[in-house]
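Understanding the architecture of this molecule
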Amino acid sequence: MKRRRSLFFILWLLFILYAVFTAPDGNEGYLTQLIQMNDPDPMLLMVFSFLGIYPLAFAAFLLGEDDDRVPVWPFVIGSFMLGAFALMPYFFLAGNGSDRKVRTPGWIIRVLRSKVLLLIMSLGTAALFLYGMTAGRPDEYEYAFRVSQFVHVMTIDFFVLTALSVYAIYWRERKYGRENQKHWIGCLPIIGMLAYLVRARS
């Protein structure tokens, strides 16, 4: 456990240092363009929207497991603003659960893990992916990634959240004493985690 905590802490620190000191300095107005929906590139809109869906997916996943000495809800709330920057500390501060009762009220867990909400998030993710990949311009995204700090960090944040979803599934399986390869479904952004939750409900 100490090695896992140390690794997560180092990766979190490197992520912050990279975002602050290595990412491009420019902004080029991409954030304003996305917020105001001023004809943003579909691929940029896709990733930006994914970063809005991912925290909700992690909320559905983690709040139902909030029985550790370290409460998970502050990190989940922070992820809606800071993405992986806010979620990563939980995985090096928390243990593997405890005998305490889950903090999250049952009705919140039932809403977040309802098949209706999970289906809406899955369909929304699939629709955004199809839109971004068919209508987007990879050269425009590549240029934005090179010149805009916001787009650069946003993109890396997306990949870090995807890696975290793989680890979160692995962590939950280990928590309940199961050894299998289900965690690899988390490589499928957002939908993988949601599909795992659907299976966990049944």
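Let me sum up the structure you'll find in this document. These numbers come from a predicted model, not from an experiment.

A word on the packing of aromatic side chains. Taken as a whole and assessed by the stated rule, the structure comprises 18 aromatic pairs. Pairing Phe15 with Phe85 gives two aromatic rings, centres 4.0 Å apart and planes at 10 degrees, and the pair type is stacked. Of this pair, Phe15 sits in helix α1 (residues 2-22) while Phe85 is found in helix α5 (residues 84-93), placing the two residues 70 residues apart along the sequence. There is no split in this pair, since Phe15 and Phe85 are both buried. Considering the side-chain rings of Phe61 and Tyr196, the 5.8 Å spacing of their centres and the 35 degrees angle between planes classify their relative orientation as tilted. Linking Phe61 in helix α3 (residues 42-62) with Tyr196 in helix α10 (residues 191-201), this pair joins segments that are 135 residues apart in sequence. Through a chain of ring-to-ring contacts, three or more aromatic side chains come together here, namely Phe8, Phe75, Tyr90, Phe91, Tyr167, Tyr170 and Trp171.

This brings us to the pattern of salt bridges. Following the criterion strictly, the structure yields 5 salt bridges and no others. Measuring nitrogen to oxygen at the nearest pair gives 3.2 Å for the salt bridge that ties Asp139 to Arg137. By relative accessible area, which is 47% here, Arg137 ends up partly exposed. One salt bridge in this structure joins Arg146 and Glu142, with 2.7 Å as the shortest N-O distance. Of this pair, Arg146 and Glu142 both sit in helix α8 (residues 138-147), separated by 4 residues, roughly a single helical turn. The class of Arg146 is partly exposed, set by a relative accessible area of 48%. With a relative accessible area of 40%, Glu142 lands in the partly exposed category. Linked through salt bridges whose partners overlap, the residues forming this network are Glu65, Arg113 and Arg172.

Okay, the nonpolar core next. Of all hydrophobic cores here, the largest spans 56 residues; its most connected members are Phe58, Phe61, Leu62, Phe91 and Leu164. Aside from chain neighbours lying at most four places away, what touches Leu62 is Val72, Val76, Leu87, Phe91 and Trp171.

Checked against the element boundaries, Val47 lands in helix α3. Note on Val47: relative accessible area 7%, which makes it buried. In the structure, Val47 is positioned 139 residues away from Gly186 in sequence and 17 Å away in space, judged by C-alpha atoms.

Another point: the packing of α3 against helix α9 (residues 149-175). For the pair α3 and α9, the least separation of the axes is 10 Å and the interaxial angle reads 30 degrees. Here α3 is positioned roughly parallel relative to α9, judged by the angle of their axes. Viewed along their axes, α3 and α9 form a crossing whose handedness is left-handed. Across the contact of α3 with α9, the residue classes tally to 18 nonpolar, 2 polar and 2 charged.

So, on to unusual backbone geometry. Of note, Met37 is a non-glycine position whose phi angle comes to about 50 degrees, a positive value. Residue position: Met37 is located in the loop between α2 (30-35) and α3. At Ile190, a position not held by glycine, the phi torsion is positive, near 65 degrees. Within the element layout of this structure, Ile190 appears in the loop between α9 and α10. Ile190 gets classed as buried once you look at its relative accessible area, which sits at 0%.

This part covers helix α4 (residues 73-82). Of the positions making up α4, those classed as buried are Phe75, Val76, Gly78 and Ser79. Projection of α4 onto a plane perpendicular to its axis shows the buried side chains occupying an angular sector of 165 degrees, all on one side. In α4, the exposed residues that point more than 90 degrees away from the buried face are Ile77 and Met81. Each element contacted by the buried residues of α4 is listed here: α3 and α5. Directly beyond the C-terminal end of α4, a positive phi value near 60 degrees is found at Gly83.

Conventions used here
- Residues numbered from 1 in each chain as written.
- Predicted model: local features only at pLDDT ≥ 70, side-chain atom pairs only at ≥ 80, totals over all residues.
- Heavy atoms only, no water.
- Phe/Tyr/Trp six-rings, centres within 6.5 Å; stacked < 30°, edge-to-face > 60°.
- Helix = DSSP H or I, 4+ residues; strand = E, 2+ residues; numbered from the N terminus.
- Buried < 20%, exposed > 50% of the residue type's maximum accessible area, 1.4 Å probe, protein only.
- Salt bridge = Lys/Arg side-chain N within 4 Å of Asp/Glu carboxyl O.
- Core = buried A, V, L, I, M, F, W, Y, C linked by side-chain atoms within 4.5 Å.
- Contact = heavy atoms within 4.5 Å.
- Axes fitted to C-alpha atoms, helices over the stretch in contact; angles between N-to-C directions.
- Parallel < 35°, antiparallel > 145°, perpendicular 65-115°, else oblique.
- Left-handed = near helix turned anticlockwise from the far one by under 90°.
- Nonpolar A, V, L, I, M, F, W, Y, C, P; charged D, E, K, R; others polar.
- Arc of directions from axis to C-beta.

The analysis is restricted to geometry; functional conclusions fall outside its scope.
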